[in-house]
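Here is how the chains run, residue by residue.
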Amino acid sequence: MQKWICKTCGTQFAPGEQPPGACPICLDERQYVGYNGQEWTTLAQMQQDGFRNEFREHEPHLVGIGTTPTFAIGERALLVQNERGNFLWDCMSLLDDETVMGIERLGGLTGMAISHPHYYSTMVEWAERFDIPIYLHEADRQWVMRPSERIRFWSGETYKLPNGMTLIRLGGHFPGGTVLHWQVGAGGKGVLLSGDIIQVVSDRRWVSFMYSYPNLIPLPAAEVERIRNMIEPYQFERLYGAWFERVVMQDAHDAVTRSAERYIRALKSVPQS
Ligand SMILES: [Zn+2]
Ligand SMILES: [Zn+2]
């Protein structure tokens, strides 16, 4: 029995003799099947292929962990060093002994949460290795390819974690699309960890809100407006998107508001006759 991993989205499936027939996450219109067709790997194969994880400190108490060379959608997780227990935001497929030792040196983990199914990756491997719960929004339950009793589905719009941080369901890209508010981050000015529920774009003073990023399918204006209103009450100076370089370093709350307004204008504008 092998726990197969989809090479395009990085998702690990429940054990099976043969690879699954297809990856539902990649068949969905928000993702895609790679040019070579559906391909599978395993954790052991990834290590043989030379993948490893690198650690980079983004700011005090916030460490990015990303796989090199790039795997799947360019996965990068964030480890928040919290005095009430370290927490992992988003996840990645590769988990090896070196990564476990690196995390143990930072103080281990007490829990993890994931923004949306494109980061579910090998979450159950991680949860078992560190003996921790995984917090997922129940609206995305259908996308869990390897079920586990470690998964705690939460419901509603916000969820206060035991360490004091808050999960906020913004939806949009996925119905259960979640961001994490770390209120003491950025020297007490607040940080938002957003995956690609709010995605930082190439001009890092701006962000994006899309139904599909690889296939460039926008969200309706009303959805962008709802997301803007939902995040409005939270204070945050900095916003960390899905990849190492995608960070809004300052005025991130304003960047989200400005970007939402820019989108709404673009989506609602009528061609001039
Ligand atoms: Zn896939
Ligand atoms: Zn995504």
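Everything discussed here concerns the structure shown above.
The text that follows walks through the structure, step by step, so that each part is easy to find.

**Here we look at the coordination of the zinc ion (ligand 2)**
Reference geometry at the metal: tetrahedral coordination by four donors gives ideal angles of 109.5 degrees; octahedral coordination by six donors gives 90 or 180 degrees.
No. 1: Protein-derived ligands of the zinc ion (ligand 2) are H116 (NE2), H118 (ND1), H173 (NE2) and D196 (OD), with the metal-ligand distances lying across 2.2 to 2.8 Å.
No. 2: The coordination sphere of the zinc ion (ligand 2) comprises 4 donor atoms, whose angles at the metal cover 96 to 147°; the geometry is irregular.
No. 3: Mapping the donors of the zinc ion (ligand 2) onto the primary sequence yields the spacing H-x1-H-x54-H-x22-D. Of the two residues, H173 is situated in the loop between strand 11 (166-169) and strand 12 (178-182) and D196 in the loop between strand 13 (191-195) and strand 14 (199-200); the sequence distance between them amounts to 23 residues.

**Some points on the nonpolar core**
No. 1: Ranked by size, the top nonpolar core spans 38 residues in total, and within it M112, I114, M123, W126 and I134 carry the most contacts.
No. 2: For this core, the elements supplying multiple residues, two or more each, are helix 1 (24-27), strand 4 (62-68), strand 5 (76-80), helix 3 (97-105), helix 4 (123-130) and strand 8 (134-137).
No. 3: The dominant element in this core, judged by the number of residues it contributes, is helix 4, at 5 residues.
No. 4: Setting aside anything within four residues of it in sequence, one finds M123 in contact with C91, M112, I114, I134, L136, V144 and I151.
No. 5: Ranked by size, the runner-up nonpolar core spans 26 residues in total, among them I198, V207, M210 and A221.

**Some words on the sheet that holds strand 19 (residues 247-248)**
No. 1: The 6 strands are arranged 10-11-12-13-18-19 in an open sheet whose pairing can be described as mixed. Strands at the two margins of the open sheet, each flanked by one partner only, are strand 10 (158-160) and strand 19.
No. 2: Taken together, the 3 bridges between strand 12 and strand 13 define a ladder with antiparallel strand orientation. Bridge assignment links H181 to a residue of strand 13, and that residue is L192.
No. 3: Running over the sheet, helix 5 (residues 221-231) touches strand 10, strand 11, strand 12 and strand 13 and is turned about 160° from strand 11.

Cut-offs applied
- Residues numbered from 1 in each chain as written.
- Chains lettered and ligands numbered in written order.
- Predicted model: local features only at pLDDT ≥ 70, side-chain atom pairs only at ≥ 80, totals over all residues.
- Heavy atoms only, no water.
- Donors = N, O, S within 2.8 Å, 3.2 Å for Na, K, Ca; no water.
- Tetrahedral: all angles 85-135°; square planar, octahedral: opposite > 155°, others 65-115°.
- Helix = DSSP H or I, 4+ residues; strand = E, 2+ residues; numbered from the N terminus.
- Core = buried A, V, L, I, M, F, W, Y, C linked by side-chain atoms within 4.5 Å.
- Buried < 20%, exposed > 50% of the residue type's maximum accessible area, 1.4 Å probe, protein only.
- Contact = heavy atoms within 4.5 Å.
- Pairing = 2+ DSSP bridges.
- Axes fitted to C-alpha atoms, helices over the stretch in contact; angles between N-to-C directions.

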